[in-house]
Amino acid sequence: MSSNLFGHNTKYNFGDLKVLIVDDNQHMHNILRDMLLGMRIKKIRHALSAKEGLQMAESELPDIMIVDLLMKPVSGFEMIKKVRNHDDEAIRDLAVLVLTSYSTVEHVRQARDSGANEVLCKPVSVAGLFDRFTYMRDHPRQFVKTSDYTGPDRRRTLRGFDGEDRRKNPEGTNIADDGKGEAIQTPHNPEMTKQKEAQAHE
Amino acid sequence: MSEGKKPSSTPRLKADHEVEFYTPRNRLAEVIRPNTGHTLKEMEFAAEQRIRKLGENYPDIVKQAVASMKADLAARKPFKERLEDIFMRAHDLKGQAATFNYQLVGEVGKSLCAAIRAVPDLLEKEQDILELHINAISWALQHEHDDKVKLQKSELINSLHESIKKGQ
């Protein structure tokens, strides 16, 4: 996934961005609030539960929702699903950024399957928020609506590249698509390497 | 496939499966304006000033979390519920500690979360392991920025993992 982190000399004005934080931890809210204020974002609201978050989104539409996954009684996963199945189209199409301490592939995949646009792992930083906000701005994703899923298209395109492969690949592993839109490493195949070497000699 | 035998997996796309693609309004492009405002460095600097003030209270927040975990452990509730409450608190520490430069506290929180998810039954039998982790958070908070106990700090996480292995 490309990132805007390396273009951090570019100026951005987040002054008009309306953010809704949904996190049941007050201290986490304070951290996020201070970071967002540092980014000159003034319109910040905070909900302490998924239910409250939905009500706040309904009363005044934010531009982006930052959602924690581990909440009680309704988890972030369930909340995002409710957003994506909402009757109001504007709420259904909201940009949702998941903020979580769960950094395993399984949890990221689950967040994606719930309908999150992007995932940002804790510890949170201004750079991380800046990067995700600008990435989401510059790379809007198409939405898919099926009988059992509504949300951003979960397929991330693995585009082909004709140039020289300059990746360091000491173990001889290969990159492939796992069929679920994820890039995976496949085991080294000595036979294939031999064939390639033979072809190179010819 | 012999007649009458059901296929081993259902087809991914049924004939009546409707898929609609659409591009929603890009609200972020309407409100986030490039080439005006501030650079990332300027934003980080402004945020850092604020976070520093917030960090002054962080040790109190960790102490409060430790006290709450001890109360959770002693509570008259089914063990699974108590464990889940402790997990939530440890999970918060894991996510926030590094922001305030308390990496070791975060690491102990992470170890506790991992133990709760991996060996809940063992923790029910050997509640000492839970207590050990909770006390380790207090110790980590006290010595996080103390270089005199560098070795003990580096061994803390390993010893917590060892305590789990021994219990198994």
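In what follows, the structure referred to is the one given above.
A quick note: this is a predicted structure, and the numbers were derived from the prediction, not measured. (Residues numbered from 1 in each chain as written. Chains lettered and ligands numbered in written order. Predicted model: local features only at pLDDT ≥ 70, side-chain atom pairs only at ≥ 80, totals over all residues. Heavy atoms only, no water.)

(A) Representation of a negative patch on the surface within the structure. There is a patch of like negative charges on the surface, built from A:E58, A:D87, A:D88, A:E89, B:E18 and B:E20. With respect to the element layout, A:E58 can be found in helix α2 (residues 50-59). Classification of A:E58 by relative accessible area gives partly exposed; the value is 45%. (Patch = residues over 30% accessible without salt bridge, like charges linked within 9 Å, V, L, I, M, F, W, Y side chains within 5 Å. Areas by Shrake-Rupley, 256 points an atom, 1.4 Å probe, with all protein chains shown as cover. Salt bridge = Lys/Arg side-chain N within 4 Å of Asp/Glu carboxyl O. Lys, Arg positive; Asp, Glu negative; His and termini not counted. Charge placed at Lys NZ, Arg CZ, Asp CG, Glu CD. Helix = DSSP H or I, 4+ residues; strand = E, 2+ residues; numbered from the N terminus. Buried < 20%, exposed > 50% of the residue type's maximum accessible area, 1.4 Å probe, protein only.)

(B) Spatial organisation of the packing of aromatic side chains. The tally for this structure, following the rule as stated, stands at seven aromatic pairs over all chains. A centroid spacing of 6.0 Å and a plane angle of 20° characterise the contact between A:Y12 and A:F14, whose relative ring orientation is stacked. Each member of the pair A:Y12 and A:F14 is classed as buried. One aromatic cluster is present, built from ring pairs that chain together A:Y12, A:F14, A:F130 and A:F133. Here A:R154 stacks its cationic end above the ring of A:Y149, 3.7 Å away from the centre of that ring. A cation over a ring is seen here: B:R117 above B:F87, with NZ or CZ 3.8 Å from the ring centre. (Phe/Tyr/Trp six-rings, centres within 6.5 Å; stacked < 30°, edge-to-face > 60°. Lys NZ or Arg CZ within 6 Å of the ring centre and 35° of its normal.)

(C) Structural context of the interface of chain B and chain A. Contacts between chain B and chain A engage 46 residues on the former and 55 residues on the latter. Here chain B packs against chain A, burying approximately 4,700 Å² in sum over the two surfaces, 62% of which is carbon and sulfur. Linking chain B with chain A are three salt bridges, by the criterion used here. At the junction of chain B and chain A, the tally comes to 17 residue pairs in polar contact (both at pLDDT 80 or more). Breaking the side of chain B that touches chain A down by element, the ones donating at least two residues are β1 (20-22), α1 (27-31), β2 (33-38), α2 (40-55), α3 (58-74) and α4 (79-96) of chain B. Per-class residue counts for the side of chain B that touches chain A are 21 nonpolar, twelve polar and 13 charged. Alignment of strand β1 (residues 12-13) of chain A against β2(B), held across two bridges, turns out to be antiparallel. Bridge pairing in β2(B) places A:Y12 opposite B:P34. (Contact = heavy atoms within 4.5 Å. Buried area = accessible area lost by both parts, 1.4 Å probe. Polar contact = N/O pair within 3.5 Å; in protein donor to acceptor, adjacent residues only side chain to side chain. Nonpolar A, V, L, I, M, F, W, Y, C, P; charged D, E, K, R; others polar. Pairing = 2+ DSSP bridges.)

Treat this as a map of the structure, not an account of what it does.
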